[in-house]
Amino acid sequence: MANLQALADALIKGDRNTVVELIHKAIDEDLKPKEILENGLIAGMDVVGKRFKANEIYVPEVLIAARAMHAAMDVLEPKLIEAGVEPVGTAVIGTVKGDLHDIGKNLVAMMFTGAGLKVVDIGTDVSPEKFVETCKAEQAGVCAMSALLTTTMSQMGSIIKAVKDAGLAAKTMIGGAPVTQAFADEVGADGYAADAASAADLAKELIGA
Ligand code: B1M
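Draft legend 1. Representation of the state of the cysteines in the model. The final tally for this structure, using the stated rule, is zero disulfides. Cys-135 carries a free sulfur, and the closest cysteine sulfur to it, the one in Cys-143, is 3.6 Å from it.

Shown next as structure tokens:
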């Protein structure tokens, strides 16, 4: 019998092979894809997020868990689509123009996926036009921006303005090492999060999920 707690535990440990094996087992045993996602993967990622926030684990452990989550989603995603399971919302995420740092952005993206959001990752060095275009095309609930340089964080204000000027419904949220709540207030972001786990909580809050 597939054990979703064992699946969550394997994900927390970042044991990719066991995660994939247990996902296949759960599917073969006709467990609902939504149940596998919520009680196995999201439950596991939730623990990873809480431990990361509490400094009980660090970036390498989270990256390993994120890799296992990716492998799991490769198997589960087609089943979720077949079953007509809707994501709780869509988040477009990217690192702002002029900035190539993506490790933190990727962690946030993975926590978003782990929280049940559809994630459209538009990469690094992303112009305000590309943020707007993608948020519009994807009817995004959240427009999420990352910046790691004091010289690029000013881009965030331009993106927020462009999203608002385009009349999009997407809520804007920002983060990255040099970014603060005070800066978020200054540039008019709808939200700021200091780490990847808080970012996932905030994204859900912003879209009312
Ligand atoms: Co660069 N770099 N780097 N770098 N780099 C920093 C950021 C720097 C602080 C190093 C230093 O001087 N001490 C410094 C910035 C100084 C400043 O602006 N004040 C710096 C610099 C100067 C540069 C270059 C200009 C160096 C040069 O070429 N002269 C250059 C710029 C290139 C460019 O972007 N145009 C550069 C290049 C690089 C590498 C390519 C070598 C590499 C990036 C590789 C990659 O990302 N694929 C790199 C790295 C690795 C770093 C450090 C060492 C680590 C960054 C990182 O990945 N941290 C960094 C120094 C440091 O931070 N110790 C540094 C781990 C990551 C998990 O944390 O991204 O903060 P972070 O994400 C966190 C939170 O911030 C938050 O959640 C994440 C997880 O908790 N978060 C969000 C992030 N995005 C969020 C979005 C949200 C919410 C939360 O909502 C949407």
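Draft legend 2. Broad picture of the domain arrangement of the protein chain. When cut into domains, the protein chain gives domain 1 (2-82) and domain 2 (90-206). Here the C-alpha centre of domain 2 lies 25 Å away from the C-alpha centre of domain 1. Taken together, the contact pairs 13 residues of domain 1 with 13 residues of domain 2. Summed over both partners, the interface of domain 1 with domain 2 comes to about 1100 Å²; 84% of that surface belongs to carbon and sulfur atoms. In terms of surface lost to domain 2, no three residues of domain 1 exceed Met-45, Phe-52 and Lys-53, which account for 39% of the buried area on that side. In this structure, the connection of domain 1 to domain 2 is made through one salt bridge. We note a salt bridge from Asp-201 to Lys-53, for which the minimum N-O separation is 3.2 Å. Applying the counting criterion to the domain 1 and domain 2 interface returns one residue pair in polar contact (both at pLDDT 80 or more). If you list the elements that add at least two residues to the side of domain 1 that touches domain 2, you get helix H3 (33-53) and helix H4 (59-82).

Draft legend 3. The pairing of strand S3 (residues 142-146), seen in detail. Along S3, five of the five residues are buried, which leaves the element largely enclosed by surrounding structure. Burial of S3 is two-sided: the residues Val-142, Ala-144 and Ser-146 facing one way and the residues Cys-143 and Met-145 facing the other way are all buried. Where strand S1 (residues 90-95) meets S3, five bridges bridge the pair, whose relative direction is parallel. Bridged to Gly-94 within S3 is Met-145. Regarding the hand of the β-α-β motif, the stretch spanning S3, helix H7 (residues 155-165) and strand S4 (residues 171-175) is right-handed.

Thresholds applied
Residues numbered from 1 in each chain as written. Predicted model: local features only at pLDDT ≥ 70, side-chain atom pairs only at ≥ 80, totals over all residues. Heavy atoms only, no water. Disulfide = S-S within 2.5 Å. Domains from an automatic or database assignment. Contact = heavy atoms within 4.5 Å. Buried area = accessible area lost by both parts, 1.4 Å probe. Salt bridge = Lys/Arg side-chain N within 4 Å of Asp/Glu carboxyl O. Polar contact = N/O pair within 3.5 Å; in protein donor to acceptor, adjacent residues only side chain to side chain. Helix = DSSP H or I, 4+ residues; strand = E, 2+ residues; numbered from the N terminus. Buried < 20%, exposed > 50% of the residue type's maximum accessible area, 1.4 Å probe, protein only. Pairing = 2+ DSSP bridges. Right-handed = clockwise from strand over helix to strand, strands pointing away.

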